[in-house]
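# Topology and contacts: notes
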Amino acid sequence: LCFILRKSFHFDSYTGALEFAQKVDEISTLMDHHANMKITHKCVNGVDLELQFFSFEAKELTEKDFDAAKAVDTIHGGNQITMSDFSYNLDHNAIAKYPAEPRGSSKLLQ
């Protein structure tokens with residue numbers, strides 16, 4: 001059983017896909033961990049670039065796989081979540097100070 005991190009990116013042009021693949025290669029070379037890449041040209045519907053990360057020798061996903069995938073997301077500029085993008089206006093009294101007893105017994109939406 002081998003787990004794989006897989007992600008597909010869509011580009012309007014073949015050139016755009018190849019330019020991004022080149023950036024992935026550059027960061028992969030720096031990290032010494034390369035993705036398997038599959039390019040699917042869909043004529044007038046653009047191009048899909050699928051990346052796969054896994055550690056063949058370890059026969060499992062490793063931190064290198066996750067770090068490389070995060071690096072690809074960073075250079076793509078998408079799919080990053082930062083908590084500063086979100087705000088929660090909670091009443092101070094609505095914030096739990098201690099876990100419910102027994103654990104898991106609280107109902108958030110009563």
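Residues numbered from 1 in each chain as written. Predicted model: local features only at pLDDT ≥ 70, side-chain atom pairs only at ≥ 80, totals over all residues. Heavy atoms only, no water.

## Examining the nonpolar core
Judged by nonpolar contacts, the single largest core of 13 residues is most densely connected at Phe-9, Phe-11, Phe-20, Leu-49, Leu-51 and Val-72. Taken together, the elements giving at least two residues each to this core come down to strand S1 (5–11), helix H1 (14–31), strand S3 (47–53) and helix H2 (63–76). Setting aside residues up to four positions removed in sequence, Val-72 forms contacts with Phe-9, Phe-20, Val-24, Leu-51 and Phe-53. (Core = buried A, V, L, I, M, F, W, Y, C linked by side-chain atoms within 4.5 Å. Buried < 20%, exposed > 50% of the residue type's maximum accessible area, 1.4 Å probe, protein only. Helix = DSSP H or I, 4+ residues; strand = E, 2+ residues; numbered from the N terminus. Contact = heavy atoms within 4.5 Å.)

## What about H2?
Here H2 spans 20 Å end to end across 14 residues, near enough to the 20 Å set by a 1.5 Å rise per residue. Residues of H2 that are buried include every one of Asp-65, Ala-68, Ala-71, Val-72 and Asp-73, and no others. Of the surrounding elements, those touching the buried residues of H2 are S1, H1 and S3. Once H2 ends, the next one or two residues include Gly-77, with phi positive near 85°. (Expected span 1.5 Å × (residues − 1).)

## Comments concerning the sheet that holds S1
As summarised here, the arrangement of the three strands in space is S1-S3-S2, forming an open sheet in which the pairing is antiparallel. The sheet is open, and its two edges are formed by S1 and strand S2 (36–41), each paired on a single side. Here the strands of the sheet are splayed against their neighbours by 15° on average, with no regard to which way each runs. Bridge count between S2 and S3: six bridges; the pairing is antiparallel. (Pairing = 2+ DSSP bridges. Axes fitted to C-alpha atoms, helices over the stretch in contact; angles between N-to-C directions.)

## Re unusual backbone geometry
The phi torsion at Asp-32 lies on the positive side, around 55°, for a residue other than glycine. Counting through the fold element by element, Asp-32 comes out in the loop between H1 and S2. What makes Asp-32 exposed here is its relative accessible area of 55%. Of note in the backbone geometry, Cys-43 takes a positive phi value of approximately 50° without being a glycine. Among the structural elements, Cys-43 can be located in the loop between S2 and S3. The exposure class of Cys-43 is exposed, given its relative accessible area of 59%.

## Overview of the confidence of the model for the chain
Overall, the prediction assigns the chain a mean pLDDT of 81, with 77% of residues at 70 or greater. Taking the mean pLDDT of every element in the chain, the minimum, 88, falls on H2 and the maximum, 95, on S2. (pLDDT = per-residue confidence, 0-100.)

## Regarding the packing of H1 against H2
Between H1 and H2, the shortest axis-to-axis distance is 10 Å and the interhelical angle comes to 140°. Taken together, H1 and H2 sit at an angle that is classed as oblique. Pair H1 / H2 crosses with right-handed handedness. Across from Phe-20, Lys-23, Val-24, Ile-27 and Met-31 in H1, the residues of H2 making contact are Lys-64, Asp-67, Ala-68, Ala-71, Val-72, Ile-75 and His-76. Classifying every residue of the contact of H1 with H2 by side-chain character gives eight nonpolar, one polar and three charged. (Parallel < 35°, antiparallel > 145°, perpendicular 65-115°, else oblique. Left-handed = near helix turned anticlockwise from the far one by under 90°. Nonpolar A, V, L, I, M, F, W, Y, C, P; charged D, E, K, R; others polar.)

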